[in-house]
There are 2 protein chains.
Amino acid sequence: MRNVTEDNLTDAFAAYLGDETDPRLREIVLSLARHLHGFAREVRLTHEEWNTAIAFLERMTEFTTHERHEFILLSDIMGLSSLVDMIHSARGGTSSSVLGPFHIEGAPDIPFGHDMKRDYPGTVLLVTGVIRDGQGTPIQGATLDIWQTAPNGLYSSQDPEQDTYSFHGLMTTGADGRYGFTTVKPVSYEVPTDGPVGDLLRATGRHAWRPSHLHFIARAPGFRTLVSEVFAADDPYLDEDAVFGVRGDLIMAYAPQPAGSFPAEGYALSGKVDEDWEMVEFDLVLTPA
Amino acid sequence: MRNVTEDNLTDAFAAYLGDETDPRLREIVLSLARHLHGFAREVRLTHEEWNTAIAFLERMTEFTTHERHEFILLSDIMGLSSLVDMIHSARGGTSSSVLGPFHIEGAPDIPFGHDMKRDYPGTVLLVTGVIRDGQGTPIQGATLDIWQTAPNGLYSSQDPEQDTYSFHGLMTTGADGRYGFTTVKPVSYEVPTDGPVGDLLRATGRHAWRPSHLHFIARAPGFRTLVSEVFAADDPYLDEDAVFGVRGDLIMAYAPQPAGSFPAEGYALSGKVDEDWEMVEFDLVLTPA
(Lines give C-alpha, C1' and ligand atoms only; values in the text may rest on other atoms or scores of the structure.)
Protein backbone atom coordinates (compact mmCIF):
# COMPACT_ATOMS: atom_id res chain seq x y z
CA MET A 1 0.00 0.00 0.00
CA ARG A 2 1.66 3.24 -1.13
CA ASN A 3 -0.80 5.61 0.47
CA VAL A 4 -0.72 4.45 4.03
CA THR A 5 -2.74 6.76 6.27
CA GLU A 6 -3.52 7.01 9.97
CA ASP A 7 -6.82 5.28 9.25
CA ASN A 8 -5.72 2.38 7.04
CA LEU A 9 -2.38 1.58 8.71
CA THR A 10 -3.71 -1.39 10.68
CA ASP A 11 -5.27 -2.81 7.50
CA ALA A 12 -1.94 -2.37 5.71
CA PHE A 13 -0.25 -4.20 8.59
CA ALA A 14 -2.76 -7.06 8.31
CA ALA A 15 -2.21 -7.27 4.55
CA TYR A 16 1.53 -7.76 5.09
CA LEU A 17 1.07 -10.96 7.12
CA GLY A 18 1.85 -14.09 5.12
CA ASP A 19 -0.82 -16.68 4.35
CA GLU A 20 1.23 -19.38 6.07
CA THR A 21 1.41 -17.51 9.40
CA ASP A 22 0.38 -19.65 12.36
CA PRO A 23 -3.25 -18.65 13.06
CA ARG A 24 -2.68 -17.99 16.77
CA LEU A 25 0.41 -15.88 16.07
CA ARG A 26 -1.56 -13.93 13.46
CA GLU A 27 -4.32 -13.29 16.00
CA ILE A 28 -1.85 -12.07 18.64
CA VAL A 29 0.26 -9.90 16.34
CA LEU A 30 -2.77 -8.29 14.69
CA SER A 31 -4.43 -7.55 18.02
CA LEU A 32 -1.15 -6.12 19.33
CA ALA A 33 -0.77 -3.88 16.26
CA ARG A 34 -4.40 -2.72 16.50
CA HIS A 35 -4.02 -1.80 20.19
CA LEU A 36 -0.59 -0.21 19.66
CA HIS A 37 -1.92 1.90 16.79
CA GLY A 38 -5.05 2.70 18.79
CA PHE A 39 -2.92 3.89 21.71
CA ALA A 40 -0.76 6.17 19.54
CA ARG A 41 -3.81 7.65 17.80
CA GLU A 42 -5.68 8.14 21.08
CA VAL A 43 -2.92 10.13 22.77
CA ARG A 44 -1.63 11.70 19.50
CA LEU A 45 1.84 10.46 20.44
CA THR A 46 4.52 13.01 19.46
CA HIS A 47 7.99 12.37 18.04
CA GLU A 48 9.50 13.63 21.27
CA GLU A 49 7.39 11.22 23.33
CA TRP A 50 8.28 8.41 20.92
CA ASN A 51 11.97 9.28 21.43
CA THR A 52 11.44 9.13 25.19
CA ALA A 53 9.82 5.70 24.84
CA ILE A 54 12.70 4.38 22.71
CA ALA A 55 15.24 5.76 25.20
CA PHE A 56 13.29 4.08 28.03
CA LEU A 57 13.38 0.72 26.21
CA GLU A 58 17.08 1.10 25.40
CA ARG A 59 17.74 1.84 29.08
CA MET A 60 15.77 -1.32 29.99
CA THR A 61 18.49 -3.26 28.17
CA GLU A 62 21.14 -1.93 30.56
CA PHE A 63 19.29 -3.43 33.52
CA THR A 64 18.45 -6.79 31.96
CA THR A 65 20.68 -9.70 32.97
CA HIS A 66 20.29 -13.39 33.78
CA GLU A 67 19.53 -12.40 37.39
CA ARG A 68 17.67 -9.15 36.79
CA HIS A 69 14.50 -9.36 34.72
CA GLU A 70 13.52 -5.72 34.25
CA PHE A 71 10.98 -6.57 31.52
CA ILE A 72 9.17 -8.96 33.89
CA LEU A 73 9.15 -6.17 36.46
CA LEU A 74 7.72 -3.77 33.87
CA SER A 75 5.02 -6.30 33.00
CA ASP A 76 4.32 -6.71 36.73
CA ILE A 77 3.89 -3.01 37.53
CA MET A 78 1.80 -2.43 34.39
CA GLY A 79 -0.61 -5.13 35.62
CA LEU A 80 0.02 -7.39 32.61
CA SER A 81 1.47 -10.31 34.59
CA SER A 82 -1.49 -10.30 36.97
CA LEU A 83 -3.94 -10.00 34.11
CA VAL A 84 -2.53 -13.11 32.43
CA ASP A 85 -2.90 -14.90 35.80
CA MET A 86 -6.48 -13.75 36.22
CA ILE A 87 -7.45 -14.69 32.67
CA HIS A 88 -6.25 -18.25 33.28
CA SER A 89 -6.97 -18.66 36.98
CA ALA A 90 -8.85 -21.97 37.34
CA ARG A 91 -12.45 -21.60 38.55
CA GLY A 92 -13.10 -23.63 41.66
CA GLY A 93 -9.50 -23.70 42.85
CA THR A 94 -7.19 -21.46 44.85
CA SER A 95 -6.51 -18.23 42.94
CA SER A 96 -3.22 -17.97 41.13
CA SER A 97 -0.96 -14.94 41.46
CA VAL A 98 2.23 -13.59 39.94
CA LEU A 99 5.34 -15.77 39.76
CA GLY A 100 7.55 -12.69 40.04
CA PRO A 101 11.15 -12.48 38.84
CA PHE A 102 12.79 -14.21 41.84
CA HIS A 103 11.84 -17.87 41.50
CA ILE A 104 14.87 -20.11 41.03
CA GLU A 105 14.92 -23.68 39.79
CA GLY A 106 16.31 -26.59 41.76
CA ALA A 107 15.17 -25.81 45.31
CA PRO A 108 16.29 -28.63 47.67
CA ASP A 109 13.81 -31.26 48.87
CA ILE A 110 12.77 -30.56 52.44
CA PRO A 111 10.93 -33.01 54.76
CA PHE A 112 7.69 -32.24 56.59
CA GLY A 113 8.47 -30.05 59.62
CA HIS A 114 11.61 -28.52 58.07
CA ASP A 115 12.88 -25.22 59.44
CA MET A 116 13.83 -22.48 56.94
CA LYS A 117 14.33 -19.82 59.64
CA ARG A 118 17.63 -21.14 60.97
CA ASP A 119 19.53 -18.37 62.77
CA TYR A 120 17.73 -15.46 61.19
CA PRO A 121 16.16 -13.07 63.70
CA GLY A 122 12.38 -12.70 64.03
CA THR A 123 9.30 -14.49 65.27
CA VAL A 124 8.94 -18.18 64.39
CA LEU A 125 6.13 -18.66 61.87
CA LEU A 126 4.62 -22.12 61.40
CA VAL A 127 3.02 -22.51 57.99
CA THR A 128 0.80 -25.53 57.40
CA GLY A 129 -2.18 -26.69 55.40
CA VAL A 130 -3.59 -29.43 53.25
CA ILE A 131 -3.43 -29.66 49.48
CA ARG A 132 -6.83 -30.92 48.28
CA ASP A 133 -8.77 -31.54 45.11
CA GLY A 134 -12.08 -29.81 44.32
CA GLN A 135 -14.02 -32.42 46.34
CA GLY A 136 -11.91 -31.80 49.45
CA THR A 137 -9.89 -35.02 49.17
CA PRO A 138 -6.24 -34.61 50.25
CA ILE A 139 -3.72 -35.08 47.42
CA GLN A 140 -0.82 -37.41 48.15
CA GLY A 141 2.46 -36.76 46.38
CA ALA A 142 1.78 -33.12 45.63
CA THR A 143 4.88 -30.91 45.64
CA LEU A 144 5.02 -27.41 47.09
CA ASP A 145 7.87 -25.23 45.83
CA ILE A 146 8.19 -22.43 48.41
CA TRP A 147 10.24 -19.23 48.38
CA GLN A 148 10.27 -15.94 50.25
CA THR A 149 12.56 -13.08 51.26
CA ALA A 150 14.87 -13.09 54.25
CA PRO A 151 13.95 -10.62 57.04
CA ASN A 152 15.94 -7.93 55.17
CA GLY A 153 13.36 -8.03 52.34
CA LEU A 154 15.78 -9.58 49.83
CA TYR A 155 15.51 -12.87 47.98
CA SER A 156 18.61 -15.06 47.98
CA SER A 157 19.29 -14.20 44.32
CA GLN A 158 19.44 -10.50 45.27
CA ASP A 159 21.53 -10.90 48.39
CA PRO A 160 25.19 -11.96 48.40
CA GLU A 161 24.92 -12.62 52.16
CA GLN A 162 22.49 -15.51 51.62
CA ASP A 163 23.07 -19.06 50.36
CA THR A 164 21.65 -19.84 46.92
CA TYR A 165 18.66 -21.69 48.37
CA SER A 166 18.15 -19.72 51.56
CA PHE A 167 14.38 -19.48 52.16
CA HIS A 168 13.68 -21.88 49.29
CA GLY A 169 12.43 -25.46 49.60
CA LEU A 170 10.47 -28.22 47.87
CA MET A 171 8.11 -30.28 50.08
CA THR A 172 6.14 -33.38 49.01
CA THR A 173 2.86 -34.27 50.73
CA GLY A 174 2.11 -37.66 52.29
CA ALA A 175 -1.23 -39.50 52.37
CA ASP A 176 -2.86 -36.75 54.44
CA GLY A 177 -1.98 -34.11 51.82
CA ARG A 178 -0.48 -31.95 54.55
CA TYR A 179 2.55 -29.70 54.31
CA GLY A 180 4.16 -27.87 57.25
CA PHE A 181 7.35 -25.95 57.92
CA THR A 182 8.73 -23.12 60.02
CA THR A 183 10.18 -19.88 58.75
CA VAL A 184 10.18 -16.18 59.61
CA LYS A 185 7.22 -13.98 58.87
CA PRO A 186 7.82 -12.49 55.42
CA VAL A 187 8.16 -8.71 55.27
CA SER A 188 6.77 -6.08 52.93
CA TYR A 189 9.43 -5.01 50.47
CA GLU A 190 9.98 -2.69 47.55
CA VAL A 191 10.50 -4.03 44.04
CA PRO A 192 13.84 -2.83 42.61
CA THR A 193 13.70 0.91 41.91
CA ASP A 194 17.22 1.62 40.66
CA GLY A 195 16.31 1.01 37.01
CA PRO A 196 13.90 2.45 34.44
CA VAL A 197 10.91 0.75 36.07
CA GLY A 198 11.74 2.65 39.27
CA ASP A 199 11.90 5.86 37.24
CA LEU A 200 8.46 5.13 35.81
CA LEU A 201 7.01 4.46 39.27
CA ARG A 202 8.45 7.73 40.59
CA ALA A 203 7.30 9.75 37.57
CA THR A 204 3.74 8.50 38.03
CA GLY A 205 3.66 9.03 41.79
CA ARG A 206 3.51 5.32 42.60
CA HIS A 207 5.31 3.46 45.40
CA ALA A 208 7.18 0.20 44.88
CA TRP A 209 5.87 -1.74 47.88
CA ARG A 210 4.56 -5.25 47.80
CA PRO A 211 2.62 -6.57 50.83
CA SER A 212 4.47 -9.38 52.62
CA HIS A 213 3.90 -12.80 51.07
CA LEU A 214 5.06 -16.37 50.73
CA HIS A 215 5.45 -17.57 47.16
CA PHE A 216 4.60 -21.11 46.13
CA ILE A 217 4.11 -23.38 43.15
CA ALA A 218 1.91 -26.44 43.84
CA ARG A 219 2.15 -29.37 41.44
CA ALA A 220 0.45 -32.77 41.42
CA PRO A 221 -0.04 -35.38 38.69
CA GLY A 222 -3.40 -34.89 36.96
CA PHE A 223 -3.84 -31.34 38.31
CA ARG A 224 -3.15 -27.89 36.91
CA THR A 225 0.02 -26.35 38.31
CA LEU A 226 -0.83 -23.51 40.69
CA VAL A 227 1.53 -20.51 40.94
CA SER A 228 0.45 -18.28 43.77
CA GLU A 229 1.21 -16.36 46.99
CA VAL A 230 -0.14 -16.12 50.54
CA PHE A 231 -0.55 -12.64 52.01
CA ALA A 232 -0.72 -11.56 55.67
CA ALA A 233 -4.09 -10.05 56.63
CA ASP A 234 -2.50 -7.24 58.68
CA ASP A 235 -0.21 -5.93 55.94
CA PRO A 236 -0.56 -2.19 55.24
CA TYR A 237 0.03 -2.65 51.49
CA LEU A 238 -2.72 -5.20 50.79
CA ASP A 239 -4.82 -2.62 48.95
CA GLU A 240 -1.96 -1.21 46.92
CA ASP A 241 0.33 -4.03 45.86
CA ALA A 242 2.67 -2.50 43.26
CA VAL A 243 2.24 -5.58 41.06
CA PHE A 244 -1.52 -6.17 41.53
CA GLY A 245 -1.01 -9.66 42.98
CA VAL A 246 -3.51 -9.71 45.88
CA ARG A 247 -6.66 -11.85 45.60
CA GLY A 248 -9.22 -12.11 48.39
CA ASP A 249 -8.78 -15.87 48.96
CA LEU A 250 -4.98 -15.52 49.31
CA ILE A 251 -5.14 -13.27 52.41
CA MET A 252 -4.59 -15.23 55.64
CA ALA A 253 -4.47 -14.20 59.30
CA TYR A 254 -1.08 -15.01 60.83
CA ALA A 255 -2.37 -16.04 64.26
CA PRO A 256 -0.23 -15.21 67.36
CA GLN A 257 0.43 -18.22 69.60
CA PRO A 258 1.55 -18.10 73.24
CA ALA A 259 4.97 -19.25 74.39
CA GLY A 260 5.00 -22.94 75.28
CA SER A 261 2.31 -23.95 72.79
CA PHE A 262 4.59 -24.93 69.89
CA PRO A 263 3.91 -28.53 68.73
CA ALA A 264 5.92 -30.98 70.84
CA GLU A 265 6.81 -33.14 67.88
CA GLY A 266 6.76 -33.34 64.11
CA TYR A 267 8.75 -30.14 63.49
CA ALA A 268 12.48 -29.56 63.39
CA LEU A 269 11.95 -26.81 65.97
CA SER A 270 9.80 -28.97 68.27
CA GLY A 271 11.15 -28.54 71.82
CA LYS A 272 13.19 -25.50 70.80
CA VAL A 273 10.64 -22.64 70.70
CA ASP A 274 10.39 -20.91 74.06
CA GLU A 275 8.87 -17.60 72.97
CA ASP A 276 5.62 -16.50 71.36
CA TRP A 277 5.24 -17.74 67.79
CA GLU A 278 2.75 -17.37 64.95
CA MET A 279 0.86 -19.76 62.75
CA VAL A 280 -0.83 -19.56 59.38
CA GLU A 281 -3.05 -22.35 58.08
CA PHE A 282 -3.58 -22.29 54.35
CA ASP A 283 -5.27 -25.09 52.46
CA LEU A 284 -4.75 -25.19 48.71
CA VAL A 285 -7.34 -26.45 46.23
CA LEU A 286 -6.01 -27.73 42.91
CA THR A 287 -8.16 -28.19 39.81
CA PRO A 288 -7.92 -30.98 37.23
CA ALA A 289 -5.39 -30.53 34.44
CA MET B 1 -7.57 -2.76 45.79
CA ARG B 2 -7.36 -6.28 47.26
CA ASN B 3 -9.83 -7.88 44.89
CA VAL B 4 -8.35 -6.97 41.57
CA THR B 5 -10.19 -8.70 38.73
CA GLU B 6 -9.87 -8.89 34.97
CA ASP B 7 -12.58 -6.24 34.75
CA ASN B 8 -11.38 -3.69 37.31
CA LEU B 9 -7.62 -3.98 36.76
CA THR B 10 -7.37 -0.85 34.61
CA ASP B 11 -9.32 1.12 37.25
CA ALA B 12 -6.96 -0.19 39.92
CA PHE B 13 -4.03 0.93 37.78
CA ALA B 14 -5.55 4.41 37.41
CA ALA B 15 -6.12 4.62 41.17
CA TYR B 16 -2.40 3.97 41.79
CA LEU B 17 -1.28 7.08 39.87
CA GLY B 18 -0.25 9.94 42.14
CA ASP B 19 -2.17 13.22 42.20
CA GLU B 20 1.00 15.12 41.30
CA THR B 21 1.61 13.13 38.12
CA ASP B 22 2.20 15.32 35.07
CA PRO B 23 -1.20 15.38 33.27
CA ARG B 24 0.24 14.43 29.88
CA LEU B 25 2.24 11.55 31.37
CA ARG B 26 -0.91 10.39 33.17
CA GLU B 27 -2.85 10.46 29.90
CA ILE B 28 -0.18 8.46 28.06
CA VAL B 29 0.43 5.87 30.79
CA LEU B 30 -3.28 5.29 31.38
CA SER B 31 -4.02 4.91 27.68
CA LEU B 32 -1.07 2.54 27.35
CA ALA B 33 -2.30 0.43 30.27
CA ARG B 34 -5.86 0.36 28.92
CA HIS B 35 -4.69 -0.78 25.48
CA LEU B 36 -2.20 -3.29 26.93
CA HIS B 37 -4.89 -4.79 29.16
CA GLY B 38 -7.37 -4.72 26.28
CA PHE B 39 -4.91 -6.61 24.09
CA ALA B 40 -4.25 -9.33 26.71
CA ARG B 41 -7.98 -9.77 27.37
CA GLU B 42 -8.85 -9.83 23.68
CA VAL B 43 -6.41 -12.62 22.79
CA ARG B 44 -6.69 -14.35 26.22
CA LEU B 45 -2.87 -14.24 26.42
CA THR B 46 -1.49 -17.39 28.04
CA HIS B 47 1.43 -17.74 30.45
CA GLU B 48 3.39 -19.55 27.77
CA GLU B 49 2.80 -16.72 25.29
CA TRP B 50 3.71 -14.17 27.96
CA ASN B 51 6.97 -16.10 28.55
CA THR B 52 7.66 -15.98 24.81
CA ALA B 53 7.07 -12.22 24.82
CA ILE B 54 9.45 -11.70 27.76
CA ALA B 55 12.09 -13.87 26.09
CA PHE B 56 11.65 -11.82 22.89
CA LEU B 57 12.17 -8.56 24.80
CA GLU B 58 15.19 -9.95 26.65
CA ARG B 59 16.67 -11.03 23.30
CA MET B 60 16.05 -7.49 22.00
CA THR B 61 18.55 -6.32 24.62
CA GLU B 62 21.29 -8.48 23.10
CA PHE B 63 20.93 -6.65 19.78
CA THR B 64 20.69 -3.12 21.17
CA THR B 65 23.87 -1.03 21.01
CA HIS B 66 24.84 2.56 20.26
CA GLU B 67 24.96 1.66 16.57
CA ARG B 68 22.11 -0.87 16.44
CA HIS B 69 18.67 0.34 17.48
CA GLU B 70 16.58 -2.82 17.45
CA PHE B 71 13.71 -1.16 19.35
CA ILE B 72 13.46 1.56 16.67
CA LEU B 73 13.41 -1.21 14.08
CA LEU B 74 10.62 -2.97 16.02
CA SER B 75 8.65 0.28 16.16
CA ASP B 76 9.25 0.71 12.41
CA ILE B 77 8.02 -2.74 11.34
CA MET B 78 5.02 -2.53 13.69
CA GLY B 79 3.99 0.69 11.93
CA LEU B 80 4.32 2.80 15.09
CA SER B 81 7.08 5.08 13.76
CA SER B 82 5.10 5.83 10.60
CA LEU B 83 1.93 6.38 12.60
CA VAL B 84 3.63 9.03 14.76
CA ASP B 85 4.83 10.68 11.53
CA MET B 86 1.37 10.61 10.01
CA ILE B 87 -0.31 11.96 13.14
CA HIS B 88 2.01 14.98 13.09
CA SER B 89 2.58 15.41 9.35
CA ALA B 90 1.95 19.12 8.60
CA ARG B 91 -1.06 19.75 6.35
CA GLY B 92 -0.12 21.75 3.27
CA GLY B 93 3.54 20.71 3.23
CA THR B 94 5.56 17.81 1.90
CA SER B 95 4.67 14.59 3.79
CA SER B 96 7.03 13.48 6.48
CA SER B 97 8.29 9.89 6.69
CA VAL B 98 10.34 7.74 9.03
CA LEU B 99 13.75 8.92 10.22
CA GLY B 100 14.94 5.32 10.47
CA PRO B 101 17.81 4.13 12.67
CA PHE B 102 20.69 5.15 10.38
CA HIS B 103 20.80 8.94 10.59
CA ILE B 104 24.08 10.20 12.05
CA GLU B 105 24.79 13.66 13.43
CA GLY B 106 27.50 15.93 12.10
CA ALA B 107 27.30 15.37 8.36
CA PRO B 108 29.83 17.63 6.57
CA ASP B 109 28.70 20.81 4.82
CA ILE B 110 28.61 20.32 1.05
CA PRO B 111 28.34 23.07 -1.57
CA PHE B 112 25.74 23.20 -4.33
CA GLY B 113 26.71 20.76 -7.07
CA HIS B 114 28.65 18.45 -4.75
CA ASP B 115 29.25 14.87 -5.84
CA MET B 116 28.56 12.08 -3.29
CA LYS B 117 29.03 9.28 -5.85
CA ARG B 118 32.83 9.52 -6.07
CA ASP B 119 34.29 6.26 -7.38
CA TYR B 120 31.32 4.07 -6.55
CA PRO B 121 29.94 2.14 -9.54
CA GLY B 122 26.51 2.89 -10.99
CA THR B 123 24.61 5.45 -13.00
CA VAL B 124 25.11 9.12 -12.08
CA LEU B 125 21.93 10.49 -10.48
CA LEU B 126 21.43 14.25 -10.33
CA VAL B 127 19.06 15.25 -7.52
CA THR B 128 17.76 18.78 -7.47
CA GLY B 129 14.80 20.85 -6.40
CA VAL B 130 13.68 23.99 -4.62
CA ILE B 131 12.76 24.31 -0.97
CA ARG B 132 9.69 26.56 -0.78
CA ASP B 133 7.16 27.87 1.71
CA GLY B 134 3.45 27.23 1.38
CA GLN B 135 3.03 30.20 -0.99
CA GLY B 136 5.69 28.85 -3.35
CA THR B 137 8.39 31.34 -2.33
CA PRO B 138 11.90 29.83 -2.29
CA ILE B 139 13.48 29.68 1.16
CA GLN B 140 17.01 31.02 1.44
CA GLY B 141 19.28 29.51 4.09
CA ALA B 142 17.35 26.24 4.41
CA THR B 143 19.54 23.22 5.20
CA LEU B 144 19.07 19.81 3.70
CA ASP B 145 20.63 16.93 5.65
CA ILE B 146 20.88 14.07 3.12
CA TRP B 147 21.80 10.41 3.61
CA GLN B 148 21.41 7.16 1.68
CA THR B 149 22.96 3.74 1.26
CA ALA B 150 25.95 2.94 -0.90
CA PRO B 151 25.24 0.73 -3.96
CA ASN B 152 25.69 -2.34 -1.69
CA GLY B 153 22.54 -1.37 0.24
CA LEU B 154 24.43 -0.49 3.43
CA TYR B 155 24.60 2.82 5.27
CA SER B 156 28.05 3.99 6.28
CA SER B 157 27.34 3.12 9.95
CA GLN B 158 26.67 -0.49 8.91
CA ASP B 159 29.62 -0.86 6.57
CA PRO B 160 33.27 -0.92 7.71
CA GLU B 161 34.31 -0.38 4.06
CA GLN B 162 32.78 3.13 4.00
CA ASP B 163 34.00 6.40 5.55
CA THR B 164 31.89 7.71 8.43
CA TYR B 165 30.14 10.29 6.25
CA SER B 166 30.08 8.42 2.97
CA PHE B 167 26.75 9.28 1.26
CA HIS B 168 25.96 11.90 3.91
CA GLY B 169 25.95 15.67 3.42
CA LEU B 170 24.47 18.94 4.61
CA MET B 171 23.60 21.52 1.91
CA THR B 172 22.41 25.08 2.50
CA THR B 173 20.19 26.83 -0.07
CA GLY B 174 20.98 30.20 -1.59
CA ALA B 175 18.51 32.95 -2.58
CA ASP B 176 16.85 30.69 -5.19
CA GLY B 177 16.09 28.01 -2.55
CA ARG B 178 17.63 25.41 -4.83
CA TYR B 179 19.65 22.38 -3.81
CA GLY B 180 21.44 20.05 -6.21
CA PHE B 181 23.98 17.25 -5.99
CA THR B 182 25.04 14.06 -7.74
CA THR B 183 25.03 10.60 -6.25
CA VAL B 184 24.21 7.02 -7.26
CA LYS B 185 20.64 5.82 -7.52
CA PRO B 186 19.73 4.37 -4.13
CA VAL B 187 18.88 0.66 -4.06
CA SER B 188 16.15 -1.34 -2.35
CA TYR B 189 17.51 -3.04 0.75
CA GLU B 190 16.46 -5.28 3.59
CA VAL B 191 16.27 -3.98 7.15
CA PRO B 192 18.53 -6.04 9.47
CA THR B 193 17.09 -9.54 9.90
CA ASP B 194 19.71 -11.20 12.11
CA GLY B 195 17.97 -10.20 15.36
CA PRO B 196 14.58 -10.75 17.03
CA VAL B 197 12.85 -8.32 14.65
CA GLY B 198 14.01 -10.51 11.77
CA ASP B 199 12.61 -13.55 13.60
CA LEU B 200 9.27 -11.77 13.97
CA LEU B 201 9.19 -10.86 10.27
CA ARG B 202 9.93 -14.47 9.28
CA ALA B 203 7.39 -15.93 11.73
CA THR B 204 4.66 -13.71 10.30
CA GLY B 205 5.57 -14.36 6.67
CA ARG B 206 6.76 -10.81 6.00
CA HIS B 207 9.75 -9.69 3.96
CA ALA B 208 12.27 -7.09 5.18
CA TRP B 209 12.55 -4.99 2.00
CA ARG B 210 12.35 -1.23 1.83
CA PRO B 211 11.89 0.43 -1.56
CA SER B 212 14.93 2.50 -2.59
CA HIS B 213 14.95 6.00 -1.13
CA LEU B 214 16.97 9.09 -0.29
CA HIS B 215 16.60 10.29 3.30
CA PHE B 216 16.57 13.96 4.17
CA ILE B 217 15.88 16.39 6.98
CA ALA B 218 14.99 19.92 5.83
CA ARG B 219 15.36 22.76 8.34
CA ALA B 220 14.79 26.51 8.00
CA PRO B 221 14.31 29.27 10.60
CA GLY B 222 10.60 29.85 11.22
CA PHE B 223 9.56 26.53 9.62
CA ARG B 224 8.75 23.09 10.98
CA THR B 225 11.60 20.63 10.52
CA LEU B 226 10.70 18.07 7.87
CA VAL B 227 12.04 14.51 8.19
CA SER B 228 11.25 12.57 5.06
CA GLU B 229 12.33 10.38 2.15
CA VAL B 230 12.10 10.39 -1.67
CA PHE B 231 11.15 7.11 -3.36
CA ALA B 232 11.77 5.96 -6.94
CA ALA B 233 8.56 5.48 -8.91
CA ASP B 234 9.79 2.24 -10.54
CA ASP B 235 10.68 0.43 -7.31
CA PRO B 236 9.03 -3.01 -6.93
CA TYR B 237 8.58 -2.57 -3.15
CA LEU B 238 6.63 0.71 -3.19
CA ASP B 239 3.42 -1.05 -2.19
CA GLU B 240 4.98 -3.15 0.54
CA ASP B 241 7.59 -1.08 2.37
CA ALA B 242 8.48 -3.12 5.49
CA VAL B 243 8.32 0.04 7.61
CA PHE B 244 5.23 1.69 6.06
CA GLY B 245 7.14 4.81 5.01
CA VAL B 246 5.76 5.46 1.48
CA ARG B 247 3.45 8.44 0.90
CA GLY B 248 2.04 9.32 -2.51
CA ASP B 249 3.73 12.74 -2.76
CA LEU B 250 7.16 11.28 -1.97
CA ILE B 251 7.29 9.05 -5.09
CA MET B 252 9.33 10.59 -7.90
CA ALA B 253 10.24 9.41 -11.40
CA TYR B 254 14.01 9.16 -11.83
CA ALA B 255 14.17 10.37 -15.45
CA PRO B 256 16.79 8.82 -17.78
CA GLN B 257 18.94 11.42 -19.59
CA PRO B 258 21.02 10.81 -22.72
CA ALA B 259 24.81 10.87 -22.75
CA GLY B 260 26.19 14.34 -23.41
CA SER B 261 23.30 16.21 -21.78
CA PHE B 262 24.77 16.57 -18.28
CA PRO B 263 24.87 20.27 -17.20
CA ALA B 264 28.03 21.91 -18.50
CA GLU B 265 28.61 23.85 -15.29
CA GLY B 266 27.48 24.22 -11.70
CA TYR B 267 28.16 20.60 -10.67
CA ALA B 268 31.37 18.96 -9.51
CA LEU B 269 30.84 16.37 -12.26
CA SER B 270 30.22 18.98 -15.00
CA GLY B 271 32.36 18.04 -17.99
CA LYS B 272 33.04 14.57 -16.55
CA VAL B 273 29.86 12.61 -17.37
CA ASP B 274 30.15 10.88 -20.74
CA GLU B 275 27.45 8.21 -20.29
CA ASP B 276 23.69 8.18 -19.81
CA TRP B 277 22.63 9.64 -16.47
CA GLU B 278 19.41 10.11 -14.51
CA MET B 279 17.73 13.04 -12.85
CA VAL B 280 15.13 13.49 -10.14
CA GLU B 281 13.54 16.86 -9.42
CA PHE B 282 11.93 17.10 -6.02
CA ASP B 283 10.65 20.37 -4.60
CA LEU B 284 10.02 20.48 -0.86
CA VAL B 285 7.30 22.54 0.80
CA LEU B 286 7.89 23.52 4.42
CA THR B 287 5.14 24.72 6.77
CA PRO B 288 5.42 27.43 9.43
CA ALA B 289 6.75 26.37 12.83
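Residues numbered from 1 in each chain as written. Chains lettered and ligands numbered in written order. Predicted model: local features only at pLDDT ≥ 70, side-chain atom pairs only at ≥ 80, totals over all residues. Heavy atoms only, no water.

S.K.: Looking at this model, I keep getting lost on helix α5 (residues 80-88) of chain A. Mind explaining?
M.R.: Of all nine residues that make up α5(A), nine are buried, and the element is covered over most of its length. For α5(A), every residue scored as buried is listed here: A:Leu80, A:Ser81, A:Ser82, A:Leu83, A:Val84, A:Asp85, A:Met86, A:Ile87 and A:His88. Close packing links the buried residues of α5(A) with α4 (70-77) of chain A together with α1 (9-16), α2 (23-43) and α3 (47-62) of chain B. (Buried < 20%, exposed > 50% of the residue type's maximum accessible area, 1.4 Å probe, protein only. Helix = DSSP H or I, 4+ residues; strand = E, 2+ residues; numbered from the N terminus. Contact = heavy atoms within 4.5 Å.)

S.K.: What's the story with the pattern of salt bridges in this structure? I'm lost.
M.R.: Note on pairing: side chains with opposite charge can pair once their charged atoms come close. All names here are of chain A. Scanning all chains against the criterion turns up 30 salt bridges over all chains. The closest approach of N and O atoms between Arg202 and Asp199, which form a salt bridge, is 2.8 Å. Linking Arg202 with Asp199, this pair stays in helix α6 (residues 196-203), spanning three residues, or about one helical turn. According to the relative accessible area criterion, Arg202 is partly exposed, its value standing at 49%. For Asp199, a relative accessible area of 32% translates into the label partly exposed. Residue Arg210 pairs with Glu229 through a salt bridge whose shortest N-O separation is 2.7 Å. Of this pair, Arg210 sits in strand β6 (residues 209-210) while Glu229 sits in strand β8 (residues 226-232), placing them 19 residues apart in sequence. On the basis of relative accessibility, which here comes to 3%, the residue Arg210 falls in the buried class. (Salt bridge = Lys/Arg side-chain N within 4 Å of Asp/Glu carboxyl O.)

S.K.: Just checking my understanding: could you explain the domain arrangement of chain A for this structure?
M.R.: Interface size, as often reported, equals the accessible area lost upon joining of the parts. Entries for chain A in the domain assignment read domain 1 (1-45) and domain 2 (80-285). Its C-alpha centre places domain 1 of chain A at a distance of 41 Å from the equivalent point of domain 2 of chain A. (Domains from an automatic or database assignment.)

S.K.: Before we go on, may I ask you to explain the sheet that holds strand β2 (residues 143-147) of chain B in this structure?
M.R.: Sheets are built from strands paired through backbone hydrogen bonds, the pairs being either parallel or antiparallel. Residue and element names in this part refer to chain B. Taken together, five strands build an open sheet; the order of strands is β3-β2-β7-β8-β9 and the sheet is mixed. What marks the edges here is a single partner per strand, and that holds for β3 (168-172) and β9 (251-252). Inspection of the sheet shows β2 paired to strand β7 (residues 213-219) by five bridges, in the antiparallel sense. By the bridge assignment, Leu144 is partnered in β7 with Ala218. (Pairing = 2+ DSSP bridges.)

S.K.: Please explain the relation of the copies chain B and chain A as it appears in this structure.
M.R.: One chain copy maps onto the other through a rotation about an axis and a shift parallel to that axis. With an RMSD of 0.0 Å, the fit of chain B onto chain A corresponds to turning through 180 degrees and sliding 0.0 Å along the axis. Expressed as an axis order, the relation between the two copies is that of a two-fold axis. The C-alpha atom lying nearest the rotation axis in chain B is that of B:Thr61; the distance is 2.3 Å. A shared binding surface is used by both copies, with 100% of the interface residues of chain B retained as interface residues in chain A. (Least-squares fit on C-alpha atoms with pLDDT ≥ 70 in both.)

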